[in-house]
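# Examination of the molecular architecture
Chain by chain, the residues:
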Amino acid sequence: HHQGWAYEFWNDTDATDARNPNLEPFIAAHVPWFLPTWRLLDEFVMRLDVARYLWLYVHGGVYADLDVAATREMTPWLRGVDVVLPANAEFHAEERGCWKHTRYQRATQGRCGTHVGNWWMASVAGHPLWREMLTYVAENAEAVCARKRRYGRALRHWSILELTGPYALGRV
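The rules behind each value
Residues numbered from 1 in each chain as written. Predicted model: local features only at pLDDT ≥ 70, side-chain atom pairs only at ≥ 80, totals over all residues. Heavy atoms only, no water. Axes fitted to C-alpha atoms, helices over the stretch in contact; angles between N-to-C directions. Helix = DSSP H or I, 4+ residues; strand = E, 2+ residues; numbered from the N terminus. Parallel < 35°, antiparallel > 145°, perpendicular 65-115°, else oblique. Left-handed = near helix turned anticlockwise from the far one by under 90°. Contact = heavy atoms within 4.5 Å. Salt bridge = Lys/Arg side-chain N within 4 Å of Asp/Glu carboxyl O. Buried < 20%, exposed > 50% of the residue type's maximum accessible area, 1.4 Å probe, protein only.

To continue, consider the packing of helix H6 (residues 128-151) against helix H7 (residues 156-163). The N-to-C vectors of H6 and H7 enclose an angle of 165°; their axes lie 9 Å apart at closest approach. For the element pair H6 / H7, the angle class is roughly antiparallel. Between H6 and H7 the crossing geometry is right-handed. Contacts between H6 and H7 involve Met133, Tyr136, Val137, Asn140, Ala141, Val144, Cys145, Arg147 and Lys148 from the former and Arg156, Trp158, Ser159, Glu162 and Leu163 from the latter.

Given below as structure tokens:
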């Protein structure tokens, strides 16, 4: 569907290419202020989430999970826009109970809010959303990871969604 587009495949085991956003040299070269936070992330999937944001921040383009396939040409939808994200579970926005055990419980009055999927994203390089997302992760990583350690595995799934996943992206 996309003649002329460059395809890049990154995974967490490709340590041979310094352009791989899953590696510390990539972070040190492009967003060195984030490196201490990267080292704090204690769940592997948190790093995978952040690698998506890092790649889009540095290079721009389209990110898609491996289980996502283009069914038609998407270039017309991307013309003239700087960032495109899928709204995820908007029906969920007014439900209550998502922010138990978090500092957002009071501010959100318990409403879950919009979750923004990070399974498909597109943007221009350097878009401020990605810097904001990385800043959000940096400002909250220590507290979220400490809370997870304190409460144990029961908060594992929540901590991923809250710090680097769709809950966090929906707030930023």
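Additional details are given in the paragraphs that follow.
Pairing between side chains of opposite charge can happen when their charged atoms approach one another. The full count for this structure, using the stated rule, is four salt bridges. Two residues, Arg39 and Glu24, come together in a salt bridge whose shortest N-O distance is 2.9 Å. Residue Arg39 is found in helix H2 (residues 35-40), and its partner Glu24 is found in helix H1 (residues 24-30); the two are separated by 15 residues along the sequence. Put simply, Arg171 and Glu162 hold a salt bridge, and the shortest N to O gap is 3.1 Å. Given a relative accessible area of 2%, Glu162 falls into the buried group. In this structure, a network of salt bridges that share partners links the residues Asp49, Arg52 and Asp65.

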